[in-house]
Amino acid sequence: MKINYKLTIANATVLVCLLPYISPFKTGLDSQPYGLILIIISWLTLYKHQTKHKHFMLLSLITFLLSSIILTVEAIIYGDTLSFIRGVYGYFVLFVAPFYFLTYLRFYDFPKRTFYLSSSLYFIAAIIQAFVDVNFFDFLVDIRTSESRGVTSLTPEPTYYGIVCLLLLMVCLVSESFKNKERKYLSLFFVIQIVFLAKSSMAILLLLILSFYFLCLKKISSTKILLGLFLLLCGHFGILHLMEGSRVYDLYTRSIELGFYLFKIDASMNERLSHIYFSLYGMLSNAFLPNFNSNFSTLLDNRYILSDGFFWYGESGKKIMSYWGGVFFNLGFIGVFYYIILASSVKKGQLGVFLFVLTPILFTAVPMAMTIVSFLFSIFIFRSELRKPC
């Protein structure tokens, strides 16, 4: 039997990109570079096949070059080589990787088996951690968690695991390759992992945003409203009676009492919100012109004064814990223009999901180098009529 080496390499590339945190070696990094390396290798086997989104690809390449120039100038001035490498890698994944996945989808269709395999691996790893040892996979991933938090599966932290499940859930909701019955089972599969295994308060909050959109805003009906209310009640009693002692329980009970004020008194929430706020503040105060990462560190050093005491917690640093926040802060009007072009390329019927669900998710602490996001971008853009047998 003749082996299609192009397809084999392409499927291996997608699998590694859907498992972006695992590594057989200790690299000191959260997001590993193996997916990007395989993307380059696999793309060389498909170089003859051009994408149908040439205008978007041209803009992305130009934006990548401009961002690289900005990072190079900063590295020369401040001598921060690590930030330069991390920045170039992140922007390459953001601006270039989606076109590899678009090429894959066009010639090989949606990699359903690979998707199911990666989803199963996350679940199996989480179950082993929950019932055997939370550090069972520390030889593959640098695990950071505690007894009051959930498990990490094949990611460094419970929050990362929850967000990965959320992004994979969005893939099956947006992709045209799943039947309605499959979507229902997969939705339940990922929700269980987010709530009962990852136990990430941020992921659960973002899950509520996603649920609100699909149940109440997209093709609203009385049945969906009733279903939404039923799920809210289940979530309310589930957290109070099944998750006592967890951080989710603590934040939920305090949020009922304190409301938005919880963002001020809870250290972790205060820090995460400050990164979103100051990334946008920095862009606006600099008249939408590009910023150096060192400028963000200066803003964090003065966070208390600039926010009238609202933001108080967190270390000073150049790394922005916000996907779109980092893009807008570093690139200014270039980043905003890229976002607008990306949104305008989203296929019919999915723009609302992109704007009101995926955008809030990507304003949180999602790494720019997360290849699952690039894969999801390609799902939002790809139209089945563009498929062409390879």
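Look above for the structure.
Position numbers for residues start from 1 in each chain and track the written sequence from start to end. For this predicted model, a pLDDT threshold of at least 70 governs which residues receive local features, and a threshold of 80 or more governs which side-chain atom pairs are given and counted, while totals over whole chains, interfaces and linings are taken from all residues. Excluding hydrogens and water, the side-chain values take into account all heavy atoms of the structure.

> Even after reading the chapter, I still don't get unusual backbone geometry, so can you show me in this structure?
Here the phi dihedral of Asp109 falls at roughly 70 degrees; this positive angle occurs in a residue that is not glycine. In this model, Ala287 sits at a positive phi of 55 degrees, which is unusual for a non-glycine residue. Mapped onto the elements of the fold, Ala287 is located in the loop between α13 (267-285) and α14 (293-301). By definition, any uninterrupted DSSP run of H or I lasting at least four residues is a helix, any uninterrupted run of E lasting at least two residues is a strand, and each is numbered from the N terminus.

> Got a minute to help me understand the environment of Gln350 in this structure?
Assignment of secondary structure puts Gln350 in the loop between α17 (333-344) and α18 (351-362). Buried, partly exposed and exposed residues are distinguished by accessible area as a fraction of the type maximum, computed with a 1.4 Å probe on protein chains only: under 20%, between the cut-offs, and over 50%, respectively. The exposure class assigned to Gln350 is buried, which follows from its relative accessible area of 12%. Separated by 31 residues in sequence, Gln350 and Ile381 place their C-alpha atoms 9.1 Å apart.

> Is there a simple way to think about a nonpolar patch on the surface in this case?
On the surface, Leu58, Ile62, Leu66, Ile69, Val73, Ile77 and Tyr78 cluster together to form a nonpolar patch covering roughly 640 Å² of accessible area. Counting through the fold element by element, Ile69 comes out in helix α3 (residues 54-78). Exposure above 30% relative accessible area and the lack of any salt bridge qualify a residue for a patch; like charges then connect within 9 Å, and the nonpolar side chains Val, Leu, Ile, Met, Phe, Trp and Tyr within 5 Å. Throughout, the Shrake-Rupley method with a 1.4 Å probe supplies accessible areas, and for residues the shown protein chains are the sole cover considered. Salt bridges are identified by distance alone: a Lys or Arg side-chain nitrogen within 4 Å of an Asp or Glu carboxyl oxygen.

> Quick question: what am I supposed to make of the environment of Leu117 here?
With respect to the secondary-structure elements, Leu117 resides in helix α6 (residues 112-131). Sequence separation between Leu117 and Ser322 is 205 residues; the distance between their C-alpha atoms is 29 Å.

> Would you take a moment to explain the packing of α13 against α14 for this structure?
For any two helices packed against each other, the geometry comes down to the angle between their axes and how far apart the axes lie. All axes here are fitted lines through C-alpha atoms, helices being fitted over the stretch that makes contact, and every angle between N-to-C directions spans 0 to 180 degrees. With their axes 10 Å apart at the nearest point, α13 and α14 run at an angle of 120 degrees to one another. Comparing their axes, α14 and α13 come out oblique. Once α13 is placed against α14, the crossing between them reads as right-handed. When α13 is examined against α14, the residues His275, Phe278, Ser279, Tyr281 and Gly282 are found in contact with a partner set consisting of Phe296, Leu299 and Leu300. Orientation is classified from the angle alone, with under 35 degrees giving roughly parallel, over 145 giving roughly antiparallel, 65 to 115 giving roughly perpendicular, and any other angle giving oblique. Handedness of each helix crossing follows the sense of rotation of the near helix against the far helix: counterclockwise by less than a right angle gives left-handed, clockwise gives right-handed. When checking whether two residues touch, look at their non-hydrogen atoms; a contact exists if any pair is within 4.5 Å.

> Looking at this model, I keep getting lost on the pattern of salt bridges. Mind explaining?
Pairing is possible between side chains of opposite charge, provided their charged atoms come close. Applying the stated criterion to the full structure yields nine salt bridges. Note that Arg149 is salt-bridged to Glu157, the shortest N-O span being 3.8 Å. Judged by its relative accessible area of 27%, Arg149 falls in the partly exposed class. Glu157 gets classed as buried once you look at its relative accessible area, which sits at 14%. A salt bridge links Asp266 to Arg254, with the shortest nitrogen-to-oxygen separation between them at 2.9 Å. Linking Asp266 in the loop between α12 (262-265) and α13 with Arg254 in helix α11 (residues 247-258), this pair joins segments that are 12 residues apart in sequence. Asp266 sits in the buried class, given a relative accessible area of 5%. For Arg254, a relative accessible area of 23% gives the class partly exposed. Sharing partners across several salt bridges, the network here consists of Asp30, Asp142, Arg144, Arg149 and Glu157.

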